[in-house]
Each structure stands twice: as structure tokens, then as C-alpha cells.
Amino acid sequence: MTLTFEGGRTGNAVKDAVLADSAEMTRAVDAAIAGTDPKGEAMGYYTTGKALEASLSWVAQFKKADVTITGIVRYYDRKVTLESKTAAVLTYCGDESKGFSKEKKTGKVNRTPVTKDSYVTYNTRLDKNSDGVWQTSQIISTRGAAQCQP
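Notes on the structure in this doc start here.

Basis of the calculations
- In this numbering scheme, every chain counts its residues from 1 along its sequence in written order.
- Reporting in this predicted model follows two pLDDT cut-offs: at least 70 for local features of residues, and 80 or more for side-chain atom pairs to be given and counted; totals over whole chains, interfaces and linings ignore these cut-offs and use all residues.
- With hydrogens and water set aside, each side-chain value is computed from the structure's full complement of heavy atoms.
- Under the DSSP-based scheme used, a helix requires at least four consecutive residues in state H or I and a strand at least two consecutive residues in state E, with every element numbered from the N terminus.
- One fewer than the residue count of a helix, multiplied by 1.5 Å, yields its expected span.
- Polar contacts, as used here, are pairs of N or O atoms within 3.5 Å; protein pairs need one atom able to donate a hydrogen and one able to accept it. Residues neighboring in sequence count only if both atoms are side-chain atoms.
- When the sulfur atoms of two cysteines come within 2.5 Å, that pair is taken as a disulfide.
- Using a 1.4 Å probe on the protein chains alone, a residue whose accessible area is under 20% of its type maximum counts as buried, one over 50% counts as exposed, and one in between counts as partly exposed.
- Should DSSP find at least two bridges between two strands, the strands are taken to pair.
- Contacts: residue pairs with any heavy atoms within 4.5 Å of one another.
- Stacked, tilted and edge-to-face are the three classes applied to pairs of Phe, Tyr and Trp rings, where Trp contributes its six-membered ring and a pair requires centres within 6.5 Å; stacked means planes under 30 degrees apart, edge-to-face means over 60, and tilted covers the rest.
- Consider the ring centre and the ring normal. A charge sits over the ring if Lys NZ or Arg CZ is within 6 Å of that centre and within 35 degrees of that normal.

1. Some remarks on helix α1 (residues 13-34)
Alright, step 1. The terminal C-alpha atoms of α1 lie 31 Å apart, and with 22 residues this matches the ideal 32 Å at 1.5 Å per residue to within 8%.
Alright, step 2. Sitting at the amino-terminal end of α1 is Asn12, which places a side-chain oxygen 2.9 Å from the backbone nitrogen of Val14.
Alright, step 3. Gly35 lies just past α1 and shows a positive phi near 90°.

If you want it as C-alpha cells, here you go:
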């Protein structure tokens, strides 16, 4: 799986840290799905609270279906709003039109047609923990979001 994150530099060090840690959270969830981090340790490092619960549930769905992920997913239009020194809101879009599930046993890639549901909007809250990590604490995603359509 190849993940591309556009707009990682804003010129503001705090916003850039939020963007970087959010990208690492996404990589951590995908690593748990792909099996390269089967215990989800990185996911636990970059998520907390409701976002951790949602991420664990998402990973469990892939494990139950005995599938992994493959392809390319692009994240773009990433916008950070700082709420305080330790809280931020990050919204962004995901283009999953070239990302697919893959059956573990057979290696068959489940190619799906590109539809409006291939595009997802994310609305997240990140909280800076005592170690200085911006952990995603809440995440809401909506498939087929009009603002993310090409």
C-alpha cells in the first residue's frame, strides 16, 4: 500500500507537527491491517479515546474478512485549525480510487469501480499528549463527500 499525503508543510511548526502525526496515525492503522504491525503498537501510539476504538474496530473488520489492503491512497486538502496549544482540528480528503482490498489466502485483488464512494472526507480532532505526540482522539469519515469529488 502506498500512501501519499499532500500539503505537509504550512510554514507553522505546530500545524506541520499535527499534519505529520496525523499521517503517521494513518500509516499505523494501515500497518495493523497489512500485518506489518500485528499488535497495533504504532496505532496505540498515534490514537487515543474514540479514535483508537474506531481504528481497532476497522482493523478487526479486515481481519475477520481475511483481507489486507493494496494499491495507492492519496490524502489531500489537509487543513489544520489550532484550538489551543494542545488541541487541533484537521480536515482532509482521501482518494481511494486506486486502493483495494486483497484476499490473504488467494492474493486476489478486489478491484472495485471508481464511484463517488471512492472519495472520503475526514474530520478529526488531535490532542497533544505529555510526550508531545499529536494523537488523533476523534475521527469522523464520510464516503462520497461532495467536497472531495474530483
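After presenting the structure, the write-up continues.
2. As for the state of the cysteines
Two cysteines joined by a covalent bond between their sulfur atoms form a disulfide.
Alright, step 1. This model, assessed by the stated rule, comprises one disulfide.
Alright, step 2. Bridging Cys93 to Cys148, the disulfide has an S-S length of 2.1 Å. In this structure the cystine formed by Cys93 and Cys148 twists about its S-S bond by roughly -75°; its chirality is therefore left-handed. Of this pair, Cys93 sits in strand β3 (residues 87-103) while Cys148 sits in the segment after β6 (134-143), and the two are 55 residues apart along the sequence.
Alright, step 3. Given a relative accessible area of 1%, Cys148 falls into the buried group.

3. Quick notes on unusual backbone geometry
If a residue is not glycine, its phi is most likely negative; likewise, a peptide bond is most likely trans.
Alright, step 1. One non-glycine residue, Asp66, adopts positive backbone phi at about 60°.
Alright, step 2. With respect to the helices and strands, Asp66 occurs in the loop between α3 (49-65) and β2 (67-82).
Alright, step 3. Judged by relative accessible area, which is 28%, Asp66 ranks as partly exposed.
Alright, step 4. The phi torsion at Asp77 lies on the positive side, around 55°, for a residue other than glycine.
Alright, step 5. Along the chain, the position of Asp77 falls in strand β2.
Alright, step 6. Here Asp77 falls in the partly exposed class, since its relative accessible area comes to 40%.

4. Brief notes about the pairing of strand β1 (residues 2-5)
Alright, step 1. Alternating residues of β1 divide into Leu3 and Phe5, all buried, and Thr2 and Thr4, none buried.
Alright, step 2. When β1 meets β2, the two strands line up parallel, connected through four bridges. In the sheet register, Leu3 faces β2, and the bridge partner there is Val73.

5. Comments concerning the side chain of Ser22
Alright, step 1. Position of Ser22 relative to the elements: it lies in helix α1.
Alright, step 2. Apart from residues lying up to four places away in sequence, Ser22 is in contact with Leu90, Tyr92 and Leu126.

6. Thoughts on the packing of aromatic side chains
Alright, step 1. Applying the stated rule across the entire model yields six aromatic pairs.
Alright, step 2. Consider the rings of Trp58 and Phe62, whose centres lie 5.1 Å apart with planes at 75°: the pair is edge-to-face. One end of the pair is Trp58 and the other is Phe62, both in helix α3 and four residues apart, which spans about a single turn.
Alright, step 3. The exposure class assigned to Phe62 is buried, which follows from its relative accessible area of 12%.
Alright, step 4. Through pairs of rings, three or more aromatic residues link up here, namely Phe5, Tyr75, Tyr92 and Tyr122.
Alright, step 5. One residue, Arg74, lies across the ring of Tyr76, its end atom 4.0 Å from the ring centre.

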